[in-house]
Amino acid sequence: MMAGTALVPATASAQEIRFMCYSDGNECEVYDDVIDRFEEANPGVTVAVDVVPYQAILENLPVQLAAGEGPDLAKVTDLGGLNEYYLDLEPYVDAGYWDESFGGTLDWYRGGEDRQGIYGMHSQLTVTGAFVNATLFEQAGVDLPGEGATWEDWADASRQVAEATGAPFPMAIDRSGHRVAGPAISYGAALFDENGDAILVDDGFTAFVQQFVDWHEDGTIARDVWAGQGGQTYQDAAQEFINGDLVFYYSGSWQVGRMDEQVGDFFDWQVVGSPCGPAGACSGMPGGAGIVGFAETEHPEEVAALIDFLAQEDVYGEVAARTRNIPAHLGVAAAGVEFQDASDGAKAALNGFAGSLPDIHPAAFAYQGYAGNRAMFGITVERVSQAIVGELTVEEAMERAASDLAEAMAETN
């Protein structure tokens, strides 16, 4: 199917489709632009792109969906967790093309191994990993740890750099259960038992949490990122890195565009992937966002056609190039993406993140596709934060986290 051709019959009366969208960079702006071609090919169909903060996707959208008042489609990150609300696209699209183009990411939207259907298009594949301020390392006369370096190696080096240069913060990790999952896996966390049931807390997970808390206590990690927020609120440390105040920042590939635009020539930055842990893994977390339609829409055929339009290889490739995102479309990935308006450093960073995909542990892929991962991420943030601020010991926090998960699973069942 060629992009830009009519995908649904011209309608006799105007139909408006509402697309709730958040941006890590310029995604919504680019979607708004390419969707003009869909509207031109489908007279009578208009698409309103409602740009919202990411927090609205996390907190407001589930409430709206539960009340039957959601948009027609949205860009989401709780891929399997919202599956009960998704529109199954399979009756409206070429399933063979979708299977060939999106492969295993389709499973992330199905909400369980026993579910079939096509419920979402993975619009941007992300990989977690670290950004480092190479200029600060150079000024400090400290070599960047090489391939196979551990979390402890990076912590030692970052402390040396901060001390030598006066940088306020050696390290920071986003306040996110997703973000700490890769390091925890590298410390031996299994996350699931031998039957595939979620457990979250085990010796490996506890070992990383203890190290994480210790680093907060000794000043290795910027305290306010985790301790300055309440509940399960997300917080990143991108601005601290952009300001040159942070040596080592663990976040992910979605930050590349922001770094490229806002750091500019202020300092040299590099992507160094995910450090290794004592369990032998050097794993980050896969993830990203996808575009889904909702079953409550009054325009299922049009919504499916719009998402199918965005999934076509030429359109998908254009969006990936303009938004500087790693493609999940296998055809686009195989052909390669010439990222637009990106510096050589940003292109190297994106290729670096893509190159770290083989290091991602199978448990990380399983965790990303698990329908209950949003609850697990939230439990992680809340209980680890309580250990960081001293409300609970690490042991108490882990006991509470295990209890929280048991309650969440009982509610779900």
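A few points on the structure. (Residues numbered from 1 in each chain as written. Predicted model: local features only at pLDDT ≥ 70, side-chain atom pairs only at ≥ 80, totals over all residues. Heavy atoms only, no water.)

## Description of the side chain of Ser274
Right, on to step 1. Mapped onto the secondary structure, Ser274 falls in the loop between strand E7 (269-273) and strand E8 (286-293).
Right, on to step 2. Ignoring anything within four residues of it in the chain, the contact list for Ser274 reads Thr128, Gly129, Tyr250, Cys282, Ser283 and Gly284. (Helix = DSSP H or I, 4+ residues; strand = E, 2+ residues; numbered from the N terminus. Contact = heavy atoms within 4.5 Å.)

## Here we look at the pairing of E8
Right, on to step 1. Extensive coverage of E8 is indicated by the burial of eight of its eight residues.
Right, on to step 2. Burial of the side chains of E8 extends over both faces: Pro286, Gly288, Gly290 and Val292 are buried on one face and Gly287, Ala289, Ile291 and Gly293 on the other.
Right, on to step 3. Judged from the four bridges that link them, strand E3 (residues 73-76) and E8 form a sheet pairing that is antiparallel. Bridge assignment links Ala74 to a residue of E8, and that residue is Val292.
Right, on to step 4. When strand E4 (residues 121-133) meets E8, the two strands line up antiparallel, connected through six bridges. Along E8, the bridge assignment pairs Thr126 with Gly287. (Buried < 20%, exposed > 50% of the residue type's maximum accessible area, 1.4 Å probe, protein only. Pairing = 2+ DSSP bridges.)

## What about the layout of surface pockets?
Right, on to step 1. Approximately 620 Å³ is the volume found for the second largest pocket.
Right, on to step 2. Looking at the lining of the second largest pocket, the elements that each hand over two or more residues are helix H13 (330-335) and helix H15 (362-369).
Right, on to step 3. Per-element tally for the lining of the second largest pocket: the top contributor is H15, with three residues.
Right, on to step 4. Here the residues of the lining of the second largest pocket are counted per class, giving 14 nonpolar, eight polar and four charged. (1 Å grid on protein atoms, 1.4 Å probe; cavity = no way out; pocket = protein on both sides within 12 Å on 5 of 7 lines; lining within 4 Å. Points joined across faces, edges and corners; volume = space filled by probe spheres on them. Nonpolar A, V, L, I, M, F, W, Y, C, P; charged D, E, K, R; others polar.)

Nothing here speaks to function; it is geometry throughout.
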